[in-house]
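Observations on chain architecture
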There are 4 protein chains.
Amino acid sequence: MKEIGIGLIGTGFMGKAHAIAYRTALSAFPDIPAPRLVAVADVNTEAARKAAHQYGFESATSDWKALIANPAIQVVSITTPNSMHKEMALAAIAAGKHVHCEKPLSPTLADSLDMVKAAEARGVCTQVGFNYIKNPLLKLARQMVEAGELGEITGFRGIHAEDYMHDPQSPWTWRIDPSGGPGVIADLGSHIIGMARFLLGEIAEVSADVRTVIKQRPVARGASEMKPVEVDDVARILVQFGRGCGGTIEANWIQTGRKMQLGFELTGEKGSLVFTQERLNELLYYKAGGEARHMGFTRIESGPQHEPYGGFCVAGGHQLGFNDLKTIEMAEFLGGIAKGKSTGPDFREAYEIQKVVEAAIASSQQRNWIKV
Amino acid sequence: MKEIGIGLIGTGFMGKAHAIAYRTALSAFPDIPAPRLVAVADVNTEAARKAAHQYGFESATSDWKALIANPAIQVVSITTPNSMHKEMALAAIAAGKHVHCEKPLSPTLADSLDMVKAAEARGVCTQVGFNYIKNPLLKLARQMVEAGELGEITGFRGIHAEDYMHDPQSPWTWRIDPSGGPGVIADLGSHIIGMARFLLGEIAEVSADVRTVIKQRPVARGASEMKPVEVDDVARILVQFGRGCGGTIEANWIQTGRKMQLGFELTGEKGSLVFTQERLNELLYYKAGGEARHMGFTRIESGPQHEPYGGFCVAGGHQLGFNDLKTIEMAEFLGGIAKGKSTGPDFREAYEIQKVVEAAIASSQQRNWIKV
Amino acid sequence: MKEIGIGLIGTGFMGKAHAIAYRTALSAFPDIPAPRLVAVADVNTEAARKAAHQYGFESATSDWKALIANPAIQVVSITTPNSMHKEMALAAIAAGKHVHCEKPLSPTLADSLDMVKAAEARGVCTQVGFNYIKNPLLKLARQMVEAGELGEITGFRGIHAEDYMHDPQSPWTWRIDPSGGPGVIADLGSHIIGMARFLLGEIAEVSADVRTVIKQRPVARGASEMKPVEVDDVARILVQFGRGCGGTIEANWIQTGRKMQLGFELTGEKGSLVFTQERLNELLYYKAGGEARHMGFTRIESGPQHEPYGGFCVAGGHQLGFNDLKTIEMAEFLGGIAKGKSTGPDFREAYEIQKVVEAAIASSQQRNWIKV
Amino acid sequence: MKEIGIGLIGTGFMGKAHAIAYRTALSAFPDIPAPRLVAVADVNTEAARKAAHQYGFESATSDWKALIANPAIQVVSITTPNSMHKEMALAAIAAGKHVHCEKPLSPTLADSLDMVKAAEARGVCTQVGFNYIKNPLLKLARQMVEAGELGEITGFRGIHAEDYMHDPQSPWTWRIDPSGGPGVIADLGSHIIGMARFLLGEIAEVSADVRTVIKQRPVARGASEMKPVEVDDVARILVQFGRGCGGTIEANWIQTGRKMQLGFELTGEKGSLVFTQERLNELLYYKAGGEARHMGFTRIESGPQHEPYGGFCVAGGHQLGFNDLKTIEMAEFLGGIAKGKSTGPDFREAYEIQKVVEAAIASSQQRNWIKV
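Here the structure is a predicted model, which means the values were calculated and not measured.

**Here we look at the packing of helix H8 (residues 189-200) of chain D against helix H10 (residues 347-366) of chain D**
Geometrically, a packed helix pair is captured by the angle between its two axes and the distance between the axes. Residues and elements named next belong to chain D. Orientation of H8 relative to H10, taken along the N-to-C sense of each, is 115 degrees, at an axis distance of 9 Å. Here H8 lies roughly perpendicular to H10, going by the angle between them. When the axes of H8 and H10 are compared, the crossing they make is right-handed. Here Ser190, Ile193, Gly194 and Arg197 of H8 lie close against H10, whose contacting residues are Glu349, Glu352, Ile353, Val356 and Val357. When the residues that make up the contact of H8 with H10 are grouped by side-chain class, the tally is four nonpolar, two polar and three charged.

Below, the structure is given as structure tokens:
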């Protein structure tokens with residue numbers, strides 16, 4: 001496969017990120033099929049046209065079904081609101097297209113399962129936008145865990161906290177419309193749950209406190225009329241991993257001051273790792289058992305020794321950014337398609353993550369431990 | 001009151017810390033009664049004698065009861081193993097002495113309550129060794145919470161993690177003898193629970209996972225014979241504060257690489273504070289609502305503008321150390337005695353902290369939420 | 001101007017960086033002319049062909065003169081070794097092409113001046129690859145200096161230190177061939193000198209210590225035969241700015257452990273800024289005169305409030321990487337061309353930077369202060 | 001020698017620091033002679049009396065000569081203004097007393113040399129208050145340099161910058177009275193010069209820019225009358241060490257925002273160390289040659305493995321503060337006296353440091369390199 005046709009649905013925050021990633025992927029990953037940017041769709045015709053120009057797609061359309069039907073397209077990227085994912089994904093799958101869908105798959109577990117089954121039945125490759133784990137340093141972290149370099153794992157403390165909803169005067173938006181699914185536990189929680197699973201494997205059981213802190217918000221910016229909030233602002237979760245260790249996970253979108261507090265402290269009997277997306281090019285590593293007077297956490301800086309950093313830059317210390325992580329994600333997806341397999345996280349993995357989300361919500365309601 | 005006689009029981013880690021603190025207190029706090037170091041007691045006569053010389057006590061004894069009976073002594077500091085606290089404290093109280101006791105008060109809640117009641121009945125001043133909250137920056141943090149500078153508080157994430165038990169080959173010691181009470185949740189957990197209460201007030205309810213990770217340890221260093229461990233290595237707790245907000249608290253003594261990870265992230269609608277004892281002279285403060293392009297967390301460095309730093313040094317940036325925190329603790333205790341009241345944390349507060357510890361243990365056993 | 005034809009000469013480290021930047025520029029900057037990747041040249045035909053495929057150029061050639069002559073090309077990017085810059089740039093200028101040239105312009109001041117004069121005479125736009133100052137946070141820093149937010153500037157401490165030559169066993173390479181010009185003072189020093197000028201304006205006078213620390217290196221990796229090193233490893237410079245304040249600048253490629261220690265501490269009577277490229281999405285800002293108990297350095301995190309971050313991502317905290325800085329550089333260059341002016345740093349500015357380099361070398365030889 | 005009588009002259013900032021240090025020394029260093037706090041002197045009788053009570057001296061006097069004459073005193077600590085050091089020190093030496101004198105020894109090199117000669121002729125032990133190098137982590141740093149763990153040393157970058165004079169409205173004080181000697185280069189510069197010498201040995205040659213930035217100051221706080229400033233605010237120095245490597249040293253008391261930026265980056269062919277007094281319990285260490293994917297700077301936290309930390313606390317991570325460094329200084333001084341030798345930095349070392357200060361000032365005036 002020398003070339004692969006791409007169709008993009010949606011032109012917002014994630015639409016642009018997908019576009020930049022597809023445009024850059026081959027430059028950083030010479031062995032993948034060359035992505036051909038065939039068409040972009042947006043309900044707003046003008047937005048679609050502008051996006052086609054700006055991102056370099058050959059054509060624009062306001063009809064996503066036409067995009068899916070386009071025979072030049074083998075890959076469909078879905079970046080529309082959550083509630084539209086299912087219909088689009090099922091249509092693309094039915095047309096035999098490989099599908100990248102932004103997270104979360106859908107507002108409900110049942111819908112997500114339908115999507116998983118459809119994709120698996122049709123045999124297409126899928127991917128879901130858990131971009132942060134594409135970081136070369138997280139690949140290193142996982143390798144170290146798997147190779148036993150940290151010894152038996154004894155704990156995990158994961159957080160994804162930001163503050164875009166911290167102000168009680170921030171108005172009601174689509175983010176907190178319950179028809180889109182849960183609140184922060186789906187929006188940010190899915191990232192840190194996915195990261196925990198990426199590093200340590202399945203989460204078997206949870207006990208959670210999932211709550212709405214700001215109980216009502218103005219119907220619009222500056223409005224005096226208030227509307228009750230039904231989705232969660234904070235989720236605090238005790239977790240039991242399948243491998244035996246325990247941990248905590250927190251998702252929070254009212255964490256005043258934090259713009260990207262996504263990270264973890266992962267501890268084993270022989271070593272520990274500390275990571276925060278706030279400094280995504282650094283990984284702290286403590287190795288037990290060395291010379292006492294020299295011991296401490298070592299700040300590893302990302303470099304070409306950490307694959308696939310070298311595809312972006314031959315010299316260490318130059319640093320990757322968010323869009324580079326998205327590029328890795330898309331390049332791996334396209335590379336996987338060429339080999340006939342999803343590189344993950346695929347629809348199945350996204351569904352497993354969503355199961356943890358749902359278990360946490362149920363646990364909070366029932367106020368006890370719930371098996372995932 | 002111009003002078004106050006001190007008797008110290010125990011000459012180990014905390015015994016020395018108390019001695020240094022009493023020796024330094026008047027230099028940093030000119031208005032307190034001058035501590036007179038009257039006597040030091042240790043079951044080991046030679047240790048007592050050495051301590052008297054080294055720390056400058058007028059006399060040494062192997063008989064703690066004689067020390068308590070000494071009429072020149074008004075204050076008794078108890079730094080012996082937990083299981084001995086009660087008998088000594090009750091004797092000192094009975095003799096009308098003011099009592100400083102290291103934490104935890106005693107291995108069981110019932111014994112601790114006896115100690116509280118005895119002290120309150122007799123009307124003596126008491127203090128328990130929760131030294132970390134004596135930090136000038138923690139006093140600032142509490143003032144900011146109380147003054148509403150952070151707005152409505154929406155979350156607290158507290159941790160006290162160290163690694164002195166992380167190695168499975170670390171042998172069985174008194175620390176893990178269940179006759180001394182719970183494990184890390186009492187040893188380190190009490191510090192972070194106390195800090196949470198100091199900052200935000202009472203903890204109303206908990207749901208906890210308290211577990212023994214390393215199930216057995218060698219009976220002695222290098223021994224092949226193993227002995228089962230009965231006390232906890234890690235405690236992870238979901239908390240509900242009386243004031244309404246939620247949070248998490250973790251205590252951990254197998255956190256490989258951490259020597260003093262005691263700290264918190266405390267969030268309100270208008271601002272946040274981040275602290276770690278690893279950098280005890282710094283407090284991070286985020287203030288919402290400023291000029292967007294300049295916003296971020298500000299690293300406040302301890303200085304004379306943060307009382308009582310100025311008693312130690314007139315210039316900022318010079319930094320306090322652990323023993324200085326202990327000095328503040330002792331100076332406040334002595335200053336309180338002169339005014340006839342405990343400055344806290346007193347026996348009552350230590351008991352309240354222990355109630356949270358016990359509730360967490362019960363919650364973990366019953367696997368649900370427990371009211372404190 | 002709706003479209004602009006790009007020709008790239010050279011396909012190494014910087015060649016790839018240019019290509020990715022041109023491919024991404026329009027996505028992040030919708031108002032610039034659309035770059036059309038017309039041709040790429042490399043003396044190695046196969047390398048050129050591969051680059052054309054990987055970076056999406058329409059054609060490949062081993063003849064850079066043919067590339068320059070191509071009428072579909074309006075912009076030529078030169079990323080070949082320093083000693084080849086002049087001939088290529090002069091040819092491109094003669095053909096009326098706008099020229100981007102990697103730094104340094106040429107090995108000698110005289111050659112660089114020829115290039116400046118040719119470009120200015122022909123009226124083409126030029127740009128030189130001082131990418132680090134394209135950081136949104138450095139634009140903020142400059143605005144703050146210019147707006148007087150830091151008050152009268154009283155000092156600047158600048159460093160660009162890395163360690164790629166720290167090992168005495170690192171062999172002789174083109175980097176230390178004196179025909180390519182000076183050593184670290186040109187390679188890294190030009191970046192920090194350019195950054196100093198970007199922030200504070202002209203450097204009037206210097207007193208420098210420029211030295212070769214590792215006096216000889218193996219002729220090849222592992223070889224026992226040694227060859228003397230003639231270029232500098234470290235340059236330490238006292239500087240006097242035209243605006244009146246003093247400072248220091250250091251360039252160092254044997255700074256063991258440092259991969260990208262490029263940064264500064266810039267101090268004024270009313271505030272200070274601290275920056276390091278090691279954490280390129282952060283700027284530390286101290287503002288004098290606030291409430292004493294809350295003062296300290298504030299860690300500003302890059303976000304859409306800092307232009308042109310928002311072109312890459314609508315949400316703060318997501319972070320830019322090195323290639324994004326290069327994209328800003330190229331987008332500004334293309335945007336400037338559309339308006340008929342160089343946005344800088346142009347050839348003239350690169351020449352001014354090189355004058356400081358040469359003055360420092362002369363100062364070190366003469367062991368006194370030298371006017372630039 | 002079981003006991004040693006102490007006399008303290010001066011009761012200000014440093015007077016208190018000496019007192020606390022003497023009071024704590026034996027507790028942390030059991031093998032030194034027990035300091036007996038015999039007398040404290042201050043020209044202000046009331047200040048002397050208060051100090052005696054607060055710091056626990058047996059007596060107070062306004063007559064420093066009487067203090068020196070007191071036969072119960074073997075050690076005299078001088079903490080008065082610089083211009084008074086010489087007379088007091090010479091008197092104490094003449095009386096055969098061991099002398100601790102705060103830095104700088106005296107306002108002029110000639111006076112300091114008189115003091116050195118007198119002390120050496122009389123054979124008393126001396127010490128000067130360069131307290132920061134008493135840090136256990138700096139002892140570790142020096143040991144690593146000496147043991148060759150960093151390989152051949154290739155560079156040193158030292159800074160001592162604070163901001164207590166940064167505001168042009170800060171009035172004229174004794175600090176800037178030229179009768180007290182030079183400005184920041186003596187006050188702070190002597191610390192970092194001393195630290196450089198402690199780590200790397202003698203400084204052979206300097207080229208410096210020593211300047212007065214704020215040319216006049218109000219005669220008093222808020223006054224409109226201005227008085228010219230004659231001493232330096234900033235000193236920037238290129239240095240050549242006797243061992244062969246180069247470096248830079250800066251002293252600055254107008255570094256807005258910095259309260260204690262005293263530190264260095266010290267680089268060798270095999271490793272590097274980074275230290276700042278802002279985090280005095282941490283030392284960053286980079287060791288070249290390890291496994292590439294794990295390399296980086298390791299943050300070493302102070303603990304009992306770093307002597308003499310263990311004298312203060314048996315557990316790592318608890319942290320020393322400024323007064324603890326002063327305690328180490330005094331304990332070493334007393335311990336040295338018991339063995340009949342100065343442990344340093346003694347008067348001779350302080351004089352050598354002052355020679356570097358004077359050479360830098362001369363270099364700045366002559367605008368060229370000066371041999372120390």
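Moving on, there is more to tell.
**Focus on the interface of chain C and chain B**
It is common to give the size of an interface as the accessible area lost on bringing the parts into contact. Each partner contributes residues to the interface: chain C has 17 residues there, and chain B has 17 residues. Here chain C and chain B share an interface that buries about 1,400 Å² over both sides, 46% of which is from carbon and sulfur atoms. Three residues stand out in chain C for area buried against chain B, namely Arg293, His294 and Thr298 of chain C, and they jointly supply 42% of the buried area on that side. Run the count over chain C and chain B and you get two salt bridges. Between glutamate 149 of chain C and arginine 293 of chain B there is a salt bridge, and its shortest N-O distance comes to 2.3 Å. When contributions to the side of chain C that touches chain B are tallied by element, the ones reaching two or more residues are helix H6 (136-146) and strand S16 (296-301) of chain C. Per-element tally for the side of chain C that touches chain B: the top contributor is S16 of chain C, with six residues. Split by residue class, the side of chain C that touches chain B holds seven nonpolar, six polar and four charged. The pairing of strand S16 (residues 296-301) of chain B with S16 of chain C spans five bridges and is classified as antiparallel. Bridge pairing in S16 of chain C places isoleucine 300 of chain B opposite glycine 296 of chain C.

**Here's the deal with the side chain of asparagine 131 of chain D**
Residue and element names in this part refer to chain D. Turning to its location among the elements, asparagine 131 is positioned in the loop between strand S6 (126-128) and helix H6 (136-146). Here asparagine 131 falls in the buried class, since its relative accessible area comes to 2%. In this view, asparagine 131 contacts His191, Phe322, Leu325, Lys326 and Glu329; residues no more than four positions away in its chain are not counted.

**Digging into the interface of chain A and chain B**
The interface is formed by 47 residues belonging to chain A together with 47 residues belonging to chain B. Roughly 3,400 Å² is buried in total at the junction of chain A and chain B, and carbon and sulfur atoms are behind 46% of that figure. Taken as a group, Arg157, Arg236 and Arg367 of chain A account for 19% of the area that chain A buries against chain B, more than any other trio of residues on that side. Here glutamate 205 of chain A ties to arginine 367 of chain B by a salt bridge, and the two come within 2.5 Å at their closest N and O atoms. Here chain A is connected to chain B by 32 residue pairs in polar contact (both at pLDDT 80 or more).

**Things to note about the domain arrangement of chain A**
All names here are of chain A. Annotation of chain A at the domain level lists domain 1 (3-131) and domain 2 (133-319 + 328-343 + 350-366). Each of domain 1 and domain 2 was reduced to a C-alpha centroid, and the two centroids are 24 Å apart. Between domain 1 and domain 2, the contact holds 36 residues from the first and 33 residues from the second. Interface area lost by domain 1 to domain 2 is led by Leu109, Gln127 and Phe130, which between them contribute 25%.

**With respect to the environment of proline 218 of chain A**
Residues and elements named next belong to chain A. In this fold, proline 218 is placed in strand S9 (residues 216-218). Accessibility expressed as a relative area gives 0% for proline 218, which makes it buried. As a C-alpha pair, proline 218 and glycine 321 span 103 residues in sequence and 35 Å in three-dimensional space. With sequence-adjacent residues up to four places away left out, proline 218 is seen in contact with Pro168, Gln169, Ser170, Pro171, Trp172, Ala223, Glu225 and Met226.

**What about the relation of the copies chain C and chain B?**
Here chain C sits on chain B after a turn of 180 degrees about the axis and a move of 0.0 Å along it, with an RMSD of 0.0 Å. Overall, the copies show the geometry of a two-fold rotation axis. Relative to the rotation axis, the C-alpha of threonine 298 of chain C is the closest in chain C, positioned 2.0 Å from it. In this assembly the copies share their binding face: 100% of the residues contributing to the interface of chain C also contribute to that of chain B.

**Topic: the state of the cysteines**
Residue and element names in this part refer to chain D. On inspection of all chains with the given rule, the structure shows zero disulfides over all chains. For cysteine 101, which is in no disulfide, the shortest distance to another cysteine sulfur is to cysteine 125 and amounts to 15 Å. When its relative accessible area of 0% is taken as the criterion, cysteine 101 is described as buried.

**Brief notes about the relation of the copies chain A and chain B**
Between the two copies, chain A and chain B, the superposition gives an RMSD of 0.0 Å; the rotation angle is 180 degrees and the shift along the axis is 0.0 Å. Both copies present the same face, since 100% of the interface residues in chain A are matched by interface residues at the equivalent positions in chain B.

**Side note on the sheet that holds strand S5 (residues 98-101) of chain C**
Residues and elements named next belong to chain C. Within the open sheet, the six strands sit side by side as S3-S2-S1-S4-S5-S6. Their pairing is parallel. Looking at strand neighbours, the two that pair on one side only are strand S3 (59-61) and strand S6 (126-128), the edges of this open sheet. Here the strands of the sheet are splayed against their neighbours by 20 degrees on average, with no regard to which way each runs. Pairing of S5 with S6 involves three bridges; the strand directions are parallel. Across the sheet, residue valine 99 finds its bridge partner in S6, namely threonine 126.

Conventions and cut-offs
Per chain, residue numbering runs from 1 following the sequence as it is written. The lettering of chains begins at A and the numbering of ligands begins at 1, in the order of writing. Local features in this predicted model are restricted to residues of pLDDT 70 or higher, and side-chain atom pairs are both shown and tallied only at a pLDDT of 80 or more, whereas totals for entire chains, interfaces and linings draw on every residue. No hydrogens and no water enter the side-chain calculation; it runs on all heavy atoms of the structure. Structural elements are reduced to axes, namely lines fitted to C-alpha atoms, with helices fitted over the stretch in contact, and the angle between N-to-C directions of any two is expressed from 0 to 180 degrees. Numbering of helices and strands runs from the N terminus; a helix is a DSSP stretch of H or I covering at least four residues, while a strand is a stretch of E covering at least two. To sort the angles, those under 35 degrees are grouped as roughly parallel, those over 145 as roughly antiparallel, those from 65 to 115 as roughly perpendicular, and the leftovers as oblique. If you view the pair so one helix is near and one far, a crossing is left-handed when the near helix is turned anticlockwise from the far one by less than a right angle, and right-handed when it is turned clockwise. Contacts between residues were defined by any pair of non-hydrogen atoms, one from each residue, lying within 4.5 Å. Classes in brief: Ala, Val, Leu, Ile, Met, Phe, Trp, Tyr, Cys and Pro nonpolar; Asp, Glu, Lys and Arg charged; the others, Gly included, polar. Buried area, as used here, totals the accessible surface that two parts lose on assembly, with accessibility defined by a 1.4 Å probe and the loss added over both. Should a side-chain nitrogen of Lys or Arg be within 4 Å of a carboxyl oxygen of Asp or Glu, the pair is scored as a salt bridge. DSSP bridges decide pairing: two strands pair if at least two such bridges lie between them. Using a 1.4 Å probe on the protein chains alone, a residue whose accessible area is under 20% of its type maximum counts as buried, one over 50% counts as exposed, and one in between counts as partly exposed. Polar contact criterion, stated in full: a pair of N or O atoms within 3.5 Å, where within protein one must be able to donate a hydrogen and the other to accept it, and residues adjacent in sequence count only if both atoms are side-chain atoms. For every domain, the bounds stem from an assignment made automatically or drawn from a database. In superposing the copies, a least-squares fit is computed on C-alpha atoms, taking residues whose pLDDT is at least 70 in both. Sulfur atoms of two cysteines make up a disulfide when they are within 2.5 Å.

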